[in-house]
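Take a look at the letters that make up each chain.
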Amino acid sequence: MLINRSHTAHLLKRLIVSALLFLALQSNLPAASLPAGYERSLEQAAKTINQDKQNRALQASLNMPVNRNFAWENAVVANVVSQYWEAYPDRRSELITAAKGHFPNFTPSQDPLFLASASPYQSTGLHPSSQYIQPSLQKYRGQQFVNTADLFHPKAATHKAKYPFEGNDPFEGFNRGVFYFNAKFDKYFFIPITDLYQFVTPDFVETGIHNVFNNIGEITSFGNEILQLKLDDALKTFLRFGINTTLGLGGFVDVATEMGLPEDKEDFGQTLGYWGVGEGPYIVIPIFGPSNLRDGTGLIVDTLAFAYVDPLTLDSYRSDHLAIYGIQAVDIRASIDYRYHISGSPFEYEIVRYLISKKRTLDILK
Amino acid sequence: MARISGITGIIIIGILFTFRASFADYNYPINNPLAATIVGTPSTMKGILPSDIGVQERTLPILAEKKAPDGLWYNRDLKYSVALQDNKAPLVFVIAGTGASYSSQKMKVLQKNFYKAGYHVVNISSPSHSNFIVSASQGSVPGNLWIDAIDLHKVMVRIQQTLIGQADINGYSVSGYSLGGSHAAFVSAYDSQVKHFNFQKVLLINPAVNLYNSTAILDGMLDNSPYGSEGGVERLLSEVFETIVESFEREDFTEFSEDFLYLAYKEKRPTNAEMAALIGVSFRLSASNMIFTSDVMSKSGFIYPKDEEFGVTTSTTPYLGRLATVNFKTYISDLFFPHFKSLYPEITLQKLIFGSSLNAIENHIRGNPKFSLVTNADDIILAPGELSYLQSLFAGRAWIFPNGGHCGNLEHKDVLEAISSALRTTGKS
């Protein structure tokens, strides 16, 4: 056995405790009832609208020009609804129903905030529509959507979405800066090294090295499968590790896949996700790339746990640490096809953010 | 191994016994043009293409006069790719479809197919692709096919100059799929005036006849669907994602491929409205890239404030969100038309729309033996009457397959064979 039993038990205990802590955090959600203030706000909105109607009637009777957009009433109501929209994600239909009780013509949509700028695109004519778009955008520019209680809510990323492809990204400015750095780092350093590595290494050696790292990674997968109580998968991973380490010459050849035991990677981020921890805010990690608070935490836990268990007794080869991590980094980069900005899209940041989130959700479901 | 040689055998027999013009065994399996457009070609029916043709990714330093803002730094150089033959050979320029880059899946397939047919191949992104708008477009407002063609022509001349001494070239041809097909025709028309390349062959694959009609069809697929309202795009994407998750769980699939899509389609049988919405969303996303880039570069102030810096940390998320509800028609009326109106005060919207249809260069195409066409009778981007217009325009030089939707059958062996034949021969009966 490569894994020290008492260490594992100790680790297990610690991880379960922290997992429980995360779960406890989640139950700390807003109470589920509409506040009295909501009704009052709606009544206030009704007064405002009535007042405005009277003003307009007066203006009209005095032959004054009446400048009132038909969508204005809707916007007033939407403004009220939107104040409660974020705090009561599970009761939105009730918010809408209550609003409709006062304003039968109120047009609900998935996001009342949008109603404030009700559809300038219906019939645009031949004039620049920027004049319609700017004010509503100004509203969101620089605004930070942080609510720490929500950080780990499973739906934190989705229930805040105001636009397609929007993520839970309170640190967007920082993240974009790191994204830019990573793109440049990739272009001028990482990819040239990866290309060189792929050029000088014969294909079978490259695959072999990739397999060796994957084989070592089975230890992490095994631990996390246990933590997710996926005992079948854990057994498979255990067998894979055993077969590839012996028959596969220390993991150099992936014999197990040939024998019908495909790889199934599990990390601590997935374990947290499995137990219901939400992904938390999006974080772009320097060099490593896009992640989120949950998976970034998971990465640290996995790394620390690996070092703690020290299955390879790396401690005896201290001087080689850096070289091994370096080769591993290059191996990982070489195995990912993604190249920054190959799409040319000005929205690549959003698309990566969206797809990473979806991919991780898929990983957790598998 | 036995299976592969079996398929090769069938294809060799097929090539020996099938007369070029009649694809009697054409067996593309999807008769719903929307499904065909999404699913593509199942792997067993694909033509066999070389796996490695030594494609080189290259860049041209910026051609456009305007300097791109920092937020678009990655698009300052024009990216393209070349695949060169070792010996003397003709060269074909291939132009990508709406919003697509030189390295899109369809472009890679065409590059391999033309290379296999003995051509040097140069793949160029669509003038509607962000990289092209930033690096190679003089006006930064794509969609005027004549202006786009001039930009494309300049790029082609520059690439031709870089190839001196690298490739032995005897003659030039031009091709493209979708909007790229229409662009190829306009490039040829422009070249017939400046007489630079004197193209030997011009091949249009699933082209648009009238840009405005085709984009209106694609706009409508989303706008008229249950997902056409505010928030619809987000909803549709999550539903698609859920479907993928379900299928993954049930089918034990590990990769996302055409075969996966085909099985998922056969099993799920999505409604036409759902599939149309999906195509509409895909078009809306490429249009969003195009409109935003064009707006920033031309400083039109259509969606991005014209006097505001666009830097590397500027958030684009709100603009992407707004663009989910901006259709191509709005782009034409609110950005495209004002832009050209300011340059040519006499111009009308009708004239601009006419100028972006094949009708505008009909005299150049009709009866011109260098032109040929490969398309499908059920191509979804053709408006009523446009298929018969294409048939009359390309009389005797058209390969029209009965089904395949918009480029859905592009990788089918018969279609790839038709594409190669179209470049080889001077016409068919």
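Worth saying up front: this structure is predicted, and the values here are computed from it rather than measured.

(A) Highlighting empty space enclosed by the protein. Enumeration over the complete set of coordinates arrives at eight cavities of 30 Å³ or more. Looking at the largest cavity, its volume works out to about 180 Å³. What lines the largest cavity is a set of 16 residues, among which R176 and H341 of chain A together with G71, Y74 and V312 of chain B lie closest to the centre. Those elements that provide at least two residues to the lining of the largest cavity are α7 (172-200) and α14 (348-365) of chain A. In terms of residue count, α7 of chain A provides more of the lining of the largest cavity than any other element does, three residues in total. For the lining of the largest cavity, the residue count by class is eight nonpolar, six polar and two charged.

(B) Structural view of helix α8 (residues 203-227) of chain A. Residues and elements named next belong to chain A. For α8, with 25 residues, the first-to-last C-alpha span of 36 Å sits near the 36 Å given by 1.5 Å per residue. Along its length, α8 reaches its greatest deviation from straightness, about 25 degrees, at G217. Directly beyond the C-terminal end of α8, a positive phi value near 60 degrees is found at L229.

(C) How the structure looks around helix α15 (residues 386-393) of chain B. All names here are of chain B. Among the residues of α15, E386, Y389, L390 and L393 are the ones counted as buried. Burial along α15 is one-sided: seen end-on, the buried residues are contained in an arc of 100 degrees. Among the structural elements, α7 (211-223), α14 (362-365) and β7 (371-376) are those in contact with the buried residues of α15.

(D) Fine view of the environment of T201 of chain A. If you trace the backbone, T201 of chain A turns up in the loop between α7 and α8. Here the side chain of T201 of chain A touches Y197 of chain A through a polar contact of 2.3 Å, landing on its backbone oxygen.

(E) Examining unusual backbone geometry more closely. Residues and elements named next belong to chain A. With phi around 55 degrees, L249 is a residue other than glycine that occupies positive phi space. The topology assignment puts L249 in the loop between α9 (231-246) and α10 (255-258). On the basis of relative accessibility, which here comes to 63%, the residue L249 falls in the exposed class. With a phi close to 60 degrees, H341 is a non-glycine residue in the positive phi region. Looking at where H341 falls in the secondary structure, it is placed in the loop between α13 (321-334) and α14.

Cut-offs and rules
- Note on numbering: residues in each chain are counted from 1, in written sequence order.
- Chains and ligands are labelled sequentially in the order written, the chains with letters from A and the ligands with numbers from 1.
- Only residues with pLDDT of 70 or above have their local features reported here, since the model is predicted, and side-chain atom pairs are shown and tallied only from 80 upward, although totals for entire chains, interfaces and linings are computed over all residues.
- Side-chain calculation: all heavy atoms of the structure are included, whereas hydrogens and water are not.
- Put plainly, a pocket is an open set of points on a 1 Å grid over the protein atoms alone with protein on both sides within 12 Å along at least five of seven lines, a cavity is a set where a 1.4 Å probe fits but cannot get out, and a lining residue has an atom within 4 Å of a point.
- Grid points are joined across faces, edges and corners, and a volume is the space filled by probe spheres set on the points.
- Elements are defined by DSSP. Helices are runs of H or I of four residues or more, strands are runs of E of two residues or more, and each kind is numbered from the N terminus.
- Gly falls in the polar group here, along with every residue not listed as nonpolar (Ala, Val, Leu, Ile, Met, Phe, Trp, Tyr, Cys, Pro) or charged (Asp, Glu, Lys, Arg).
- What a helix should span is 1.5 Å times the count of its residues minus one.
- The angle between axes fitted to the seven-residue stretch ending at a residue and the seven-residue stretch beginning at it gives the bend at that residue.
- Throughout this description, buried means an accessible area under 20% of the type-specific maximum (1.4 Å probe, protein chains only), exposed means over 50%, and partly exposed covers the range between.
- Note that the arc is computed from the directions linking the helix axis to the C-beta atoms.
- Contacts were defined at the residue level, with two residues in contact if any of their heavy atoms lie within 4.5 Å.
- Counting of polar contacts relies on pairs of N or O atoms within 3.5 Å, with two restrictions inside protein: one atom must be capable of donating a hydrogen and the other of accepting it, and residues adjacent in sequence are counted only when both atoms are side-chain atoms.

In short, the description is geometric, and any link to function would need to be established separately.
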